[in-house]
Amino acid sequence: MGRYRLIALDMDGTLLTEEKTISEENRAAILAAEDAGIKVVFATGRGLQSALPYAVELGLESPLVTVNGGEVWKTPDELLERHTLKAEQVSRMHELAVQYDPWFWAYSVSGIFNKENWQDVGKVEEREWLKFGYYTENLESLLTIRDQLEKTDLFEITNSHPCNIELNPKGVSKASGLHRLCELYGIGMSQVIAMGDSQNDIAMIREAGLGVAMGNAQEEVKGLADMVTLSNEEHGVAKIIREHALA
């Protein structure tokens, strides 16, 4: 067995093309890694429902880290751990959304709610909340929202795009999810390759044995990674798997 035992892949902007598909090159490399006994795990801001079809497409039965570490799944049917936001925190984040008028969304265990269907939430305290997000191209207003939430010191604040911010409970990240999986499998983070393109990938990129930024990654992410690969359109995931996991 080589140095690396687990490969953690962000999905959007990393594994997936801009058309939200998995290229044949990436597919072949992932299956070769699995055949070599290396676990390939999605570590994504997506919820289970939108990540799972891609795992099924690849025939992966490995764990998933979803909603930026808000949920860690041993298998798609077996939840290992879940970290929720408090109802009053979600109410406060919604108040800021009303005040500054960005697009917003919130992942709950029972579904996703956003600016268009928030009235369907009912009582905020009667749902389990995993993640809250804002999107606006008005970067001044985005920064104001971020500043107000940072002052509370209650949240892990990241992004998956330069025009959004995503909030999880403090200390919850893709990295915390991967630590849990390393415990499960008796391996160290030094045996993990992590690849991503946005702020919500930084923690796992910094803590993995090999942290990789995509060629299309935000500059901040590239600056903190061990190396930069090709873009998501150029099968950067496959290149890293072939050259570092399977070499």
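Everything in this summary refers to the structure shown in the same document. As the structure is a computational prediction, the values presented were derived from the model and not from experiment.

Attention now goes to the overall build of the protein chain. Along the backbone of the protein chain there are 9 helices and 13 strands. The C-alpha radius of gyration computed for the protein chain amounts to 18 Å, which stays within 12% of the reference 18 Å derived for 247 residues, consistent with globular compactness. Projected onto its principal axes, the C-alpha coordinates of the protein chain cover approximately 55 × 35 × 30 Å. When the 247 residues of the protein chain are sorted by exposure, 53% land in the buried category. For the protein chain, contacts bridging at least 24 residues in sequence account for 56% of all contacts bridging at least 6. Positive and negative charge centroids in the protein chain, built from 23 and 39 side chains respectively, lie 4 Å apart.

Let us now look at the side chain of D201. Relative to the elements of secondary structure, D201 occurs in the loop between β11 (192-196) and α7 (202-207). A distance of 2.6 Å separates the side chain of D201 from the side chain of K174, its partner in a polar contact. Not counting residues up to four positions away in its chain, the partners in contact with D201 are D10, K174 and G196.

To continue, consider helix α3 (residues 48-58). Residues of α3 that are buried: L48, A51, Y54, A55 and L58. Burial along α3 is one-sided: seen end-on, the buried residues are contained in an arc of 130°. Exposed residues lying more than 90 degrees from the buried face of α3 are Q49 and V56. Phi for G59, located one or two positions after α3, is positive at around 75°.

Here is what the cut-offs are and how they apply
- Residues numbered from 1 in each chain as written.
- Predicted model: local features only at pLDDT ≥ 70, side-chain atom pairs only at ≥ 80, totals over all residues.
- Heavy atoms only, no water.
- Helix = DSSP H or I, 4+ residues; strand = E, 2+ residues; numbered from the N terminus.
- Rg over C-alpha atoms; globule rule 2.2 N^0.38 Å.
- Buried < 20%, exposed > 50% of the residue type's maximum accessible area, 1.4 Å probe, protein only.
- Contact = heavy atoms within 4.5 Å.
- Lys, Arg positive; Asp, Glu negative; His and termini not counted.
- Charge placed at Lys NZ, Arg CZ, Asp CG, Glu CD.
- Polar contact = N/O pair within 3.5 Å; in protein donor to acceptor, adjacent residues only side chain to side chain.
- Arc of directions from axis to C-beta.

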